[in-house]
Amino acid sequence: NPALTQIGAQMSNLTGVRAIMKDIIETLRGGAGQQFINLSAGNPLILPEVEQLWRDCTAQLLSSPEYGEVVCRYGSSQGYAPFVEAIANDFNKRYGLNLSDRNILITPGSQTLYFYAANTFGGYTPSGELKQIVLPLSPDYTGYGGVCLVPKALKAYKPTLDIDAAAHRFKYRPDFSQLTITEKTGCVLFSRPCNPTGNVLTDDEVKKIAALAAPYNLPVLIDSAYAPPFPALNFTEMTPVFGDNILHCMSLSKAGLPGERIGIAIGDEKWIEVLECFQANISLHSSRYGQAIAAYAINSGGLVEISHTVIRPFYQNKFTVLETSLEQAMPKNLPWFLHRGEGAIFAWLWLQDLPISDWEFYQQLKQVGVIIVPGSSFFPGLEEEWAHKHQCFRISLTGSDEEIATAMQRLAKVAEEAYKGA
Ligand code: PLP
């Protein structure tokens, strides 16, 4: 390896789930003819109606005089103006807001946005004080693990668990008796709906977190990659929460455009402006082609429509298949708990007091041709030991119905053996 700086070395490490993905890719490649049911993917499926929407918008762009302006010219760091305007108009109408273009920033994917924010608000101040990036409810999105150039700035809080033992269901809640936001906090960040758990923090919980942060003039970033109005991957009622100290962050990746890398931040002008400068330094601006076609899809109402009629029912249905298969296959006496499926494209399974680690369980499941993701990589910023971290699994809803059902039957057998061996 070449000589690397501290940041170079840090950034060349694979963090969180990326490290496991490497093992999965090698497994799939080296399978010696073995067929795997791969329920590890974070990649959404290509749904034909969604692909068609983007094809149609592309055709529209190609036949428009706008085309040259979109791909042959540099633009502003803030984003492609017609797209920014489309977002402002849509959100003002839909949620009764009063956004101007100064409240919106477009980034190359929302991951980039979290990188800008984590390093703008988290890390060392000029006077050497460490500002924390608070994740109020752990587990949360594994990608937060690598976003801060000062990794120790990331501080996650253990949740409380609402357990419905008879139903084999549970739900995480923020633990407000522990959660602390102080002058040492630089920003707050969480996903809603949550990857990996499918949890949706209630409107009240979100407002309570925002209120805790309000006295400190710091942003609360709500990662809405799965939220309404698009891709609307919420299976329970939820309203996006806006407010003076909230940065509402979105992504078009789960609405069929992950390859185009489009992230959107909506919030107070003073924060949008600093993030825009950060972006100008790093990348000048985000690619404009995806923004241009997205502007069509938003202005026509097509994107919202397809989110509600195609994307949401597709994954909600998959969750039902998974839930039903687990209920049929899992021995009733085992302490298994499925997180309430309130949104996103994953199921989250907790095997309480599992006698082996999540990593060992993952390996055993591979032996029977099923790949899911061990849960311990979804607790970025939570340093303390907690047995629960090694008892959970993320199961992607991107398989076919048959694959999901078969995988849950095999998982039930492996679980039964694992508890028996204890
Ligand atoms: N946030 C959450 C919760 C995600 O699940 C993902 C991707 O899986 C991202 C952010 C990053 O998405 P993108 O950079 O494609 O917008």
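Note that residues are indexed from 1 along each chain, following the sequence as it is written. At least 70 in pLDDT is required for a residue's local features to be given in this predicted model, at least 80 for side-chain atom pairs to be given and counted, and no such filter applies to totals for whole chains, interfaces and linings, which use all residues. For the side-chain quantities, the full set of heavy atoms in the structure was used; hydrogens and water were omitted.

(A) Representation of the domain arrangement of the protein in the model. Domain parsing of the protein yields domain 1 (6–49 + 305–420) and domain 2 (73–303). Segment limits for the domains were obtained from an automatic or database-derived domain assignment. A straight line from the C-alpha centre of domain 1 to that of domain 2 covers 24 Å. Residues are treated as being in contact if the distance between any of their heavy atoms lies within 4.5 Å. Counting from both sides, the interface comprises 46 residues of domain 1 and, opposite them, 53 residues of domain 2. Summed over both partners, the accessible area (1.4 Å probe) lost when two parts come together is defined as the buried area. Summed over both partners, the interface of domain 1 with domain 2 comes to about 4200 Å²; 60% of that surface belongs to carbon and sulfur atoms. When a carboxyl oxygen of Asp or Glu lies within 4 Å of a side-chain nitrogen of Lys or Arg, that pair is called a salt bridge. Connecting domain 1 to domain 2 are five salt bridges. A salt bridge links Arg340 to Asp164; its shortest N-O distance comes to 3.2 Å. Any pair of N or O atoms that falls within 3.5 Å is considered a polar contact. Within protein, one atom must be able to donate a hydrogen and the other to accept it, and sequence-neighbouring residues count only if both atoms are side-chain atoms. The interface formed by domain 1 and domain 2 contains 32 residue pairs in polar contact (both at pLDDT 80 or more). Among the elements of the structure, helix H1 (6–11), helix H10 (302–329), strand S12 (336–339), strand S13 (346–351) and strand S16 (392–396) are those that each provide at least two residues to the side of domain 1 that touches domain 2. Secondary structure follows DSSP: runs of H or I at least 4 residues long count as helices, runs of E at least 2 residues long count as strands, and numbering of each begins at the N terminus.

(B) Representation of the pattern of salt bridges within the structure. The full count for this structure, using the stated rule, is 16 salt bridges. Between Lys158 and Glu384 there is a salt bridge, with the nearest N and O atoms lying 3.7 Å from each other. One end of the pair, Lys158, is in the loop between strand S5 (154–156) and strand S6 (160–164); the other, Glu384, is in the loop between strand S15 (373–374) and S16, and 226 residues separate them in sequence. Note on classification: 1.4 Å probe, protein chains only; a residue is buried when its accessible area is under 20% of the maximum for its type, exposed when over 50%, partly exposed between these limits. Assessed through its relative accessible area of 28%, Lys158 is described here as partly exposed. The salt bridge involving Lys318 is made with Asp401; its shortest N-O contact spans 2.7 Å. Taken as a pair, Lys318 in helix H10 and Asp401 in helix H12 (residues 401–420) lie far apart in primary sequence, 83 residues in all. Because the salt bridges share partners, they merge into one network encompassing Asp162, Arg173 and Glu205.

(C) Up close: the environment of Leu334. The residue Leu334 is located in the loop between H10 and S12 in this model. Looking at Leu334, the relative accessible area reads 9%, which means it is buried. For the pair formed by Leu334 and Ala415, sequence separation is 81 residues and the distance between their alpha carbons is 8.4 Å. The contact partners of Leu334, leaving out residues within four places of it in the chain, are His168, Ala415, Glu416 and Tyr419.

(D) Region of the structure containing the state of the cysteines. What counts as a disulfide here is a pair of cysteine sulfur atoms lying within 2.5 Å. In the structure shown here, the tally under the stated rule is zero disulfides. Of all cysteine sulfurs in the structure, the one in Cys392 sits closest to Cys194, which takes part in no disulfide; the separation is 12 Å. Classification of Cys194 as buried rests on a relative accessible area of 4%. Look at Cys392 and you get buried, because its relative accessible area is 0%.

(E) Up close: the side chain of Lys318. Note on Lys318: relative accessible area 7%, which makes it buried. A distance of 3.2 Å separates a polar side-chain atom of Lys318 from the backbone oxygen of Gly399. Look past the residues within four positions of Lys318 in its chain and what remains in contact with it is Leu397, Gly399, Ser400, Asp401 and Ile404.

(F) How the structure looks around a nonpolar patch on the surface. Nonpolar side chains (Val, Leu, Ile, Met, Phe, Trp, Tyr) are joined into patches within 5 Å and like charges within 9 Å, using only residues with over 30% relative accessible area and no salt bridge. Every accessible area reported is derived by Shrake-Rupley at a probe size of 1.4 Å, with residue values counting cover from the shown protein chains alone. On the surface, a cluster of nonpolar side chains totalling about 260 Å² of accessible area is made up of Leu62, Tyr67 and Val71. Inspection of the secondary structure puts Val71 in helix H4 (residues 66–71).

(G) Region of the structure containing the nonpolar core. Buried residues of nine kinds, namely Ala, Val, Leu, Ile, Met, Phe, Trp, Tyr and Cys, make up a nonpolar core once their side-chain atoms join them within 4.5 Å. In this structure, Trp54, Phe83, Ile87, Met330, Leu351, Phe361 and Leu411 are the most contacted members of the largest nonpolar core, which totals 75 residues. The residues that make up this core include at least three from each of domain 1 (6–49 + 305–420) and domain 2 (73–303). Sequence-distant contacts of Phe361, that is, excluding residues within four places in its chain, are made with Leu351, Leu354, Ile356, Phe393, Leu411, Val414, Ala415 and Ala418. Ile24, Phe36, Val150 and Leu382 belong to the second-largest nonpolar core, a separate cluster that totals 59 residues.

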